[in-house]
Amino acid sequence: MIEAVIFDLDGVLTRSDRYHTAAWRKTCAQWGIPFGDGTGDLVRGVSRLESARIVAAQGGVELTADQLAAFAEEKNRNYVSLLTGMTREDVIPGVVELLAWLRTQNIPAAVASSSKNAPLILEKTGLKGYFTVIVDGSQITRSKPDPQVFQKAADALGVGYANCVVVEDAVSGVQAALALGCQVAAVGRAAQSEGVTYPLKKPDDLIRQLSVPVSPDQERKLH
Ligand code: BG6
Ligand code: MG
């Protein structure tokens, strides 16, 4: 039984994952820190400050706590300036179809994001009204892979963890959802992660997977 679907935001609902990577790339250029192609994937789902630590370490640079905070702040300034231009066009294709379908099924939807900018993005892209519950990075103390953000969302919805499907694009998010005992749907590289029940090519693939009684094994063969 599915009681609710809990969505990550960046890279699942909107293209803002690309803006995170672009902002890190720009900030690294400003700070003279190398930024490799794989680094953007490593910080999916990870909090701002922890991401700063990972990005600096990947670039082979050790920063003091003060420098790390300044690095993270500068990245956020660069990121927010990219967000100001966001519109409905930044919503990932298939997302609105999936959210509209969930409404027809009376299955509530929530957002559970590590980002403190989540409310701004949901506002700018016009998605906010689809969600019964929104938990963002300002409401949590522990970032994914800790399950806190999903736990808060499920508790606010009043649903059992095992009856929630979490939709993620981050390995850290998949791990967090599994730690809470949720079912996991994933897009992008995270779809290959162990424990993913519903691997998705695009978000609205979940409509078919939740409607048709196909076993996860059969589903994998279809992909
Ligand atoms: C997550 C992103 O959604 O939010 C991470 O996947 C990011 O890459 C994190 O670091 C925190 O975002 P923000 O907007 O609060 O800096
Ligand atoms: Mg994400």
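Residues numbered from 1 in each chain as written. Chains lettered and ligands numbered in written order. Predicted model: local features only at pLDDT ≥ 70, side-chain atom pairs only at ≥ 80, totals over all residues. Heavy atoms only, no water.

Peer 1: When you look at the overall build of the protein chain in this model, what are you seeing that I'm missing?
Peer 2: Along the protein chain, the regular secondary structure elements total 10 helices and six strands. For 223 residues, the compact-globule formula gives about 17 Å, and the C-alpha radius of gyration of the protein chain, at 17 Å, lands near that figure. In terms of overall dimensions, the protein chain has C-alpha extents of about 50 × 35 × 30 Å along its principal axes. Counting every position in the protein chain, which comprises 223 residues, the buried fraction comes to 50%. Taking contacts inside the protein chain between residues at least 6 apart in sequence as the whole, the part at least 24 apart equals 61%. On the protein chain, the mean spot of the 23 positive side-chain charges and the mean spot of the 25 negative ones are 3 Å from each other. (Helix = DSSP H or I, 4+ residues; strand = E, 2+ residues; numbered from the N terminus. Rg over C-alpha atoms; globule rule 2.2 N^0.38 Å. Buried < 20%, exposed > 50% of the residue type's maximum accessible area, 1.4 Å probe, protein only. Contact = heavy atoms within 4.5 Å. Lys, Arg positive; Asp, Glu negative; His and termini not counted. Charge placed at Lys NZ, Arg CZ, Asp CG, Glu CD.)

Peer 1: Is there a simple way to explain the coordination of the magnesium ion (ligand 2) in this structure?
Peer 2: Under ideal tetrahedral coordination, the four donors around a metal are separated by 109.5 degrees; under ideal octahedral coordination, the six donors are separated by 90 or 180 degrees. Surrounding the magnesium ion (ligand 2) are the protein donor atoms D8 (OD), D10 (O) and D169 (OD), at 2.0 to 2.1 Å. Sequence spacing of the donors to the magnesium ion (ligand 2): D-x1-D-x158-D. Residue D8 is found in the loop between β1 (4–7) and α1 (16–31), and its partner D169 is found in the loop between β4 (164–168) and α8 (171–180); the two are separated by 161 residues along the sequence. In this structure, D8 and D169 share a single accessibility class: buried. (Donors = N, O, S within 2.8 Å, 3.2 Å for Na, K, Ca; no water.)

Peer 1: How should I be thinking about the site of ligand 1 in this particular structure?
Peer 2: Around ligand 1, 15 residues are found, and the nearest of them are D10, V46, R48, S115 and K116. A distance of 2.6 Å is found between an oxygen atom of ligand 1 and a side-chain nitrogen or oxygen belonging to D10. A distance of 2.6 Å separates an oxygen atom of ligand 1 from a polar atom in the side chain of S115. With the chains in place, 97% of the 400 Å² that ligand 1 exposes on its own is no longer accessible. Residue classes in the shell around ligand 1 are distributed as three nonpolar, eight polar and four charged. (Near = heavy atom within 4 Å. Polar contact = N/O pair within 3.5 Å; in protein donor to acceptor, adjacent residues only side chain to side chain. Areas by Shrake-Rupley, 256 points an atom, 1.4 Å probe, with all protein chains shown as cover. Nonpolar A, V, L, I, M, F, W, Y, C, P; charged D, E, K, R; others polar.)

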